[in-house]
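The chain contents come next:
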Amino acid sequence: MAAASVKIHEAIKVTPFSSDSTTSFTLPLTYFDFFWLKFPPVERLFFYQICDLTWDSFSSVILPKLKHSLSLTVHHYLPLAGHIMWPLEAPKPAVYFFPNDGVSFTVAESNNADFNHLSSNGIRRAVEFRPLVPEPSISDDKAEVIAIQITLFPNQEDKNDVVLSSLPLQLTPCFDRSVIKDPKGLDVVYANHWLEFANTRSLKIIPMKQVNSDLVRMTFEMRPEDITKLRDKIKENILQAGKSAEQLHLSTHVLACAHSFVCLVKAYGEETDTNVMFGVAADCRSRLDPPLPVNYFGNCVGGQGTVQKASYLMGENGEAFVAEKLSDCIKELKGDVIEGSEDKFVNVLGMMKGEGLQQRILSVAGSNRFDVYGSDFGWGKPKKVEIVSIDKTGAISLAESGDGSGGIEVGVVLEKHQMEVFASLFTDGLQS
């Protein structure tokens, strides 16, 4: 299949609705933000199927509504229109908003991509998705907070005055950074370590692997019955080992990770003594002391990981081993583990520099609890949702099943020969 390409019709800034949004302000970053500061942003792609849509009808009817809706939304979530900056006189970066700031909004039209092919679960070349993803402006001096691209696939043969209203209380964002307690000053500590790591105040993200023509993408389904069967299998393995399965956290997320990580290590063809790092990331708003408001708007993701030999994952009871370790990580997500640690942050930076033990890192983007298939802009639910950025990070992606069955979708990007091995292991493992 020919490489996908798009025609760019428009690249603009969508500014906040209402003239009240003209005051400059600065939003501090917390140590939760600084941990992820230079990691690649998540790039999520939503495919919506609209019958017989032409460029004329799209540009005259749908596009103006999208722009207006975004403007109304940004009015309530002003930091999205700002930039992360690190002035020379400032000890750490922050989000800065100035009058006339806006969200980058690109309007494109696909020239030759097959909508049904890209929105399927089957094998697809990773590079085909790249033209559909916007490139946020990230320089040494400043970085956009968010960028949006709308791409029309034309002719798919498938299926007044505005009053600015107030948001309901549960959706009104809380921007108060003082609710995150940081008595150790870890925000500045983390910022200084980033400065030492890069030897510059540049806000450019860490270089990741190149997306080449050898990489392919697939989506795998775990149905509710697959999840139940895997849970029962792991419980049986744990009991046969003379342990109790009662305290294990065998959620759908943990089970999907356990099965996928075991298949990945085998598909990579790792040596048995290879160090493999994996773990969990979690919303820490309710885990902090005191807990944060549910409408807190900002990064509050913490994590805990473990390093194990590949042989344990490749063994007969590999899934049970991973599930047990992930359960331990979840239990440890409290206290100092989520409240920040200079030592842990330094270790992460050391791994990125290639210091210490060489290891395979297994990570996850997304969650089956985000309800991404509930994102309805008036066209019904998406036909497909993809996290494109896993082609650079090597993570797997998770989302709830698009058919509403209660299952889970696992997205993977690998070299073609590795994908063939992974697909066989993933499918056979659920059937056995």
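Quantities reported herein were computed from a predicted structural model and do not represent experimental measurements.

Conventions adopted
- Residues numbered from 1 in each chain as written.
- Predicted model: local features only at pLDDT ≥ 70, side-chain atom pairs only at ≥ 80, totals over all residues.
- Heavy atoms only, no water.
- 1 Å grid on protein atoms, 1.4 Å probe; cavity = no way out; pocket = protein on both sides within 12 Å on 5 of 7 lines; lining within 4 Å.
- Points joined across faces, edges and corners; volume = space filled by probe spheres on them.
- Helix = DSSP H or I, 4+ residues; strand = E, 2+ residues; numbered from the N terminus.
- Nonpolar A, V, L, I, M, F, W, Y, C, P; charged D, E, K, R; others polar.
- Pairing = 2+ DSSP bridges.
- Contact = heavy atoms within 4.5 Å.
- Axes fitted to C-alpha atoms, helices over the stretch in contact; angles between N-to-C directions.
- Buried < 20%, exposed > 50% of the residue type's maximum accessible area, 1.4 Å probe, protein only.
- Phe/Tyr/Trp six-rings, centres within 6.5 Å; stacked < 30°, edge-to-face > 60°.
- Lys NZ or Arg CZ within 6 Å of the ring centre and 35° of its normal.
- Parallel < 35°, antiparallel > 145°, perpendicular 65-115°, else oblique.
- Expected span 1.5 Å × (residues − 1).
- Arc of directions from axis to C-beta.
- Left-handed = near helix turned anticlockwise from the far one by under 90°.

Novice: Residues and numbers for empty space enclosed by the protein, please.
Specialist: For the largest cavity, the calculated volume is near 90 Å³. As for the largest cavity, its lining consists of 14 residues, and the residues nearest its centre are Val 385, Ile 387, Ser 397, Leu 398 and Ala 399. For the lining of the largest cavity, the secondary-structure elements that each account for two or more residues are β15 (384-387), β16 (396-400) and β17 (408-415). Its volume calculated, the second largest cavity comes out at about 30 Å³.

Novice: Quick rundown of the layout of surface pockets? Include the residues and the values.
Specialist: As a volume, the second largest pocket reaches approximately 320 Å³. In this structure, the second largest pocket is lined by 15 residues; those nearest its centre are Pro 40, Glu 135, Ile 205, Ile 206 and Lys 392. In terms of residue class, the lining of the second largest pocket is made up of nine nonpolar, one polar and five charged.

Novice: Give a detailed account of the sheet that holds strand β10 (residues 215-222), specifying residues and quantitative values.
Specialist: Read from one edge of the open sheet, five strands run β7-β10-β17-β16-β14, paired in mixed fashion. Of all the strands in the sheet, the pair left with one neighbour each is β7 (124-125) and β14 (364-366). Where β16 lies against β17, four bridges are found, and the strand directions are antiparallel. Directly across from Leu 398, in β17, lies its bridge partner Val 410. Contacts from helix α5 (residues 224-240) reach β10 and β17, with the element oriented near 80 degrees to β10.

Novice: Describe the pairing of β16, with residues and values.
Specialist: With respect to burial, β16 is a largely interior element, five of its five residues being buried. Side chains of β16 alternate between two faces, with Ile 396, Leu 398 and Glu 400 and Ser 397 and Ala 399 buried alike. Examined bridge by bridge, β14 and β16 share three bridges and lie parallel to one another. Bridge assignment links Val 364 to a residue of β16, and that residue is Ile 396.

Novice: Kindly report on the packing of aromatic side chains, identifying the contributing residues and their values.
Specialist: Pairs of aromatic rings are described using the distance from one ring centre to the other and the angle between the two planes. One pass over the structure, following the stated rule, counts 28 aromatic pairs. Between Phe 47 and Phe 153, the aromatic rings sit 6.3 Å apart at their centres with planes inclined by 50 degrees, giving tilted as the arrangement. Here the residue Phe 47 occupies a position in strand β3 (residues 44-47), and Phe 153 occupies one in the loop between β9 (147-152) and α4 (186-198), the gap between them amounting to 106 residues. Assigned by exposure class, Phe 47 and Phe 153 land together as buried. Three or more aromatic residues link up through ring pairs in this structure, and these residues are Tyr 31, Phe 32, Phe 35, Trp 36, Phe 39, Tyr 190, Trp 194, Phe 197 and Phe 345. Of note, Arg 217 hangs over the ring of Phe 129, and the distance from its end group to the ring centre comes to 4.9 Å.

Novice: Now, about the packing of α5 against helix α6 (residues 252-268): what can you tell me, with residues and values included?
Specialist: The contact between α5 and α6 brings their axes to 10 Å, and the two run at 75 degrees. Classified by the angle between their axes, α5 and α6 sit roughly perpendicular to one another. Contacts from Ile 227, Leu 230, Arg 231 and Ile 234 in α5 reach Thr 252, Leu 255 and His 259 in α6. When the residues that make up the contact of α5 with α6 are grouped by side-chain class, the tally is four nonpolar, two polar and one charged.

Novice: Break down helix α11 (residues 416-431) for me, citing the residues and quoting the values.
Specialist: In this model α11 runs 23 Å from its N-terminal to its C-terminal C-alpha over 16 residues, within 8% of the 22 Å that 1.5 Å per residue would give. Of the residues making up α11, those classed as buried are Gln 418, Met 419, Phe 422, Ala 423, Phe 426, Gly 429 and Leu 430. The buried residues of α11 occupy an angular sector of 150 degrees when projected down its axis, which confines them to one face.

Novice: Please set out the sheet that holds strand β12 (residues 301-309) residue by residue, giving values where relevant.
Specialist: Backbone-to-backbone hydrogen bonds pair the strands of a sheet. The strands run either parallel or antiparallel. The mixed open sheet is built from three strands, whose spatial order is β12-β11-β13. Looking at strand neighbours, the two that pair on one side only are β12 and β13 (359-361), the edges of this open sheet. When strand polarity is set aside, the average angle formed by the axes of neighbouring strands in this sheet is 25 degrees. For strand β11 (residues 275-283) and β13, the ladder comprises three bridges, and the chain directions are parallel. Counted as the bridge partner of Met 277 is Ile 361 from β13.

Novice: I'd like a rundown of the side chain of Asn 237, residues and numbers included.
Specialist: Considering the arrangement of structural elements, one finds Asn 237 in helix α5. On the basis of relative accessibility, which here comes to 13%, the residue Asn 237 falls in the buried class. Once you skip the residues sitting within four places of it in the chain, Asn 237 turns out to touch Asn 317 and Ala 320.

Novice: Break down unusual backbone geometry for me, citing the residues and quoting the values.
Specialist: Of the consecutive residues Asp 289 and Pro 290, the connecting peptide bond is found in the cis state with omega at 0 degrees. Relative to the helices and strands, Pro 290 is located in the loop between β11 and β12. The phi dihedral of Asp 52 is positive, around 45 degrees, even though this residue is not glycine. Along the chain, Asp 52 turns up in the loop between β3 and α2 (55-76). If you check the backbone angles, Asn 100 has positive phi at about 75 degrees while not being a glycine.

Novice: So, the environment of Pro 207: which residues are in play, and what are the values?
Specialist: Looking at the secondary structure, you find Pro 207 in the loop between α4 and β10. Residues Pro 207 and Lys 392 lie 185 residues apart in sequence; the distance between their C-alpha atoms is 9.1 Å.

Novice: Hey, could you go over the packing of α6 against α11 for me, with residue numbers and the actual values?
Specialist: The geometry of α6 relative to α11 is characterised by a closest axis approach of 9 Å and an angle of 140 degrees between their N-to-C directions. For the pair α6 and α11, the sense of crossing is right-handed. Residues His 259, Ser 260, Cys 263, Leu 264, Lys 266, Ala 267 and Tyr 268 of α6 touch α11, and the partners they reach there are Gln 418, Val 421, Phe 422, Leu 425, Phe 426, Gly 429 and Leu 430. Partitioned by chemical class, the residues of the contact of α6 with α11 number nine nonpolar, four polar and one charged.

Novice: Please give an account of helix α8 (residues 318-331) that cites residues and values.
Specialist: Compared with the 20 Å implied by 1.5 Å per residue over 14 residues, the 20 Å span of α8 between its first and last C-alpha is a close match. For α8, the tally of buried residues reaches eleven of 14 residues, placing the bulk of the element in the interior. For α8, the full list of buried residues reads Gly 318, Glu 319, Ala 320, Phe 321, Val 322, Ala 323, Glu 324, Leu 326, Ser 327, Cys 329 and Ile 330. Among the structural elements, α5, α6, β11, β12 and α7 (310-314) are those in contact with the buried residues of α8.

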